[in-house]
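Residues per chain are reported as follows:
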Amino acid sequence: MRITKVEPIVLQVPLTHPVVTSFGMMTSRTCVIVRVEADTGQQGIGEIWNNFPSWGVYEKVATLKYGIAPLVVGEDPRDIRRIHQKLRNTYTVMGLQWGAIGPIYHSMSGVDMAIWDLLGKHVGRSVAHLLGGVVHESVQVYASGLGPGSFEEFVEQHLEVGITAFKLSVLQN
């Protein structure tokens, strides 16, 4: 089994209400979905996290396409530890020199998730099972992107779907 393709898919969702944070205003939410394909035809999906700025996804796409994919294509996805170590050994020092260790590690993480997903599909097991089994049946989540300003409607909408914890942004003048 060999990896034959690593593909980035950029997702961008405009926000009805921009989110104001201490580092700027977000008018959309963005991320990069990573699809890793094997010669078996199976695919795994991962996500490269992006928060701010929205155009940061393109730095991660470039890192994935021109840096990570060439090292991953041809590898056996059943040897995740070796692939991960190969990427860390190759790109940690480069990322520090470049000043972009975050985008590099974000991109590596997305590929790692996709390979675990691919492996789970290949052996017919959940990723949770491959990582040692379910530890918790559920986990508490929180909603973020609140404030400053009016946030009552946001809280009410989320309370209706069972979310009871919130992260509120506060700006100092």
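So, here is what we can say about the structure in this document. For every chain, the first residue of the written sequence is number 1, and numbering continues from 1 along that sequence. Per-residue local features of the predicted model are confined to residues with pLDDT of at least 70, and side-chain atom pairs are confined, for both listing and counting, to 80 or more; whole-chain, interface and lining totals are unaffected and use all residues. The side-chain numbers reported here are obtained from all heavy atoms of the structure, hydrogens and water having been left aside.

### Overview of the overall build of the chain
Moving on, step 1. In this text, helices come from DSSP runs of H or I with a minimum length of four residues, and strands from runs of E with a minimum of two, each type numbered from the N-terminal end. Secondary structure summary: the chain contains 5 helices and 5 strands in total.
Moving on, step 2. Each helix and strand of the chain, placed in order from N terminus to C terminus, yields the pattern β-β-β-α-α-α-α-β-α-β.
Moving on, step 3. Reported as C-alpha extents along the three principal axes, the dimensions of the chain are approximately 55 × 40 × 25 Å.
Moving on, step 4. When each of the 173 residues of the chain is scored for burial, the buried share is 32%. In this scheme, a residue with accessible area under 20% of its type's maximum is buried, one over 50% is exposed, and one in between is partly exposed, where area comes from a 1.4 Å probe on protein chains only.

### Re the pattern of salt bridges
Moving on, step 1. A carboxyl oxygen of Asp or Glu within 4 Å of a side-chain nitrogen of Lys or Arg is what we treat as a salt bridge. Inspection of the entire model under this criterion finds 6 salt bridges.
Moving on, step 2. Across the pair lysine 121 and aspartate 117 runs a salt bridge whose closest N-O atoms are separated by 3.0 Å. Highlighted residues: lysine 121 and aspartate 117, both in helix H3 (residues 101-123), separated by 4 residues, approximately one helical turn.
Moving on, step 3. One salt-bridge network, in which partners are shared between bridges, spans Glu75, Asp79, Arg82 and Lys86.

### Describing H3
Moving on, step 1. By this rule, a helix spans an expected 1.5 Å times one less than how many residues it contains. Its 23 residues place the ends of H3 33 Å apart at the C-alpha level, agreeing with the 33 Å of an ideal helix rising 1.5 Å per residue.
Moving on, step 2. Where H3 is concerned, the buried positions are Pro103, Ile104, Ser107, Met108, Gly110, Val111, Ala114, Ile115, Asp117, Leu118, Leu119 and Gly120.
Moving on, step 3. Those residues of H3 hidden inside the fold are in contact with strand E1 (3-21), strand E2 (24-38), strand E3 (43-48), helix H1 (56-72), helix H2 (80-98) and helix H4 (127-130).
Moving on, step 4. Directly after H3, the chain includes glycine 124, whose backbone phi takes a positive value near 75°. Two residues qualify as a contact provided that any one of their heavy atoms is within 4.5 Å of a heavy atom in the partner residue.

### Focus: the sheet that holds E2
Pairing between the strands of a sheet is mediated by backbone hydrogen bonds and can be parallel or antiparallel.
Moving on, step 1. Strands are labelled as partners when DSSP assigns at least two bridges between them. Pairing within the open sheet is antiparallel, and its 3 strands lie in the order E1-E2-E3. Pairing within the sheet leaves two strands with one partner each, and these edge strands are E1 and E3. Here the average twist between neighbouring strands, direction ignored, is 20°.
Moving on, step 2. Both E2 and E3 contribute to a ladder of 6 bridges, which runs antiparallel. Opposite valine 36, over in E3, you have glycine 44 as the bridge partner.
Moving on, step 3. In this analysis, axes come from line fits to C-alpha atoms, helices being fitted only over the stretch in contact, and the angle between any two N-to-C directions falls in the range 0 to 180 degrees. Where H3 meets the sheet, its contacts fall on E1, E2 and E3, and the angle it forms with E3 comes to roughly 155°.

### Here we look at the side chain of asparagine 51
Moving on, step 1. By secondary structure assignment, the location of asparagine 51 is in the loop between E3 and H1.
Moving on, step 2. Among the polar contacts listed, one links the side chain of asparagine 51 to the side chain of arginine 29, at a separation of 3.1 Å.
Moving on, step 3. Not counting residues up to four positions away in its chain, the partners in contact with asparagine 51 are Phe23, Met26 and Arg29. For this analysis, a polar contact is any N or O atom pair within 3.5 Å, provided that within protein one partner can donate a hydrogen and the other can accept it, and provided that sequence-adjacent residues contribute only side-chain to side-chain pairs.

### Describing the environment of serine 28
Moving on, step 1. Among the secondary structure elements, serine 28 is positioned in strand E2.
Moving on, step 2. Residue classification places serine 28 among the buried residues on the basis of a relative accessible area of 5%.
Moving on, step 3. Sequence separation between serine 28 and phenylalanine 52 is 24 residues; the distance between their C-alpha atoms is 9.4 Å.
Moving on, step 4. With residues near it in sequence (within four places) discarded, serine 28 still touches Gln12, Val13, Pro14, Leu15 and Ser54.

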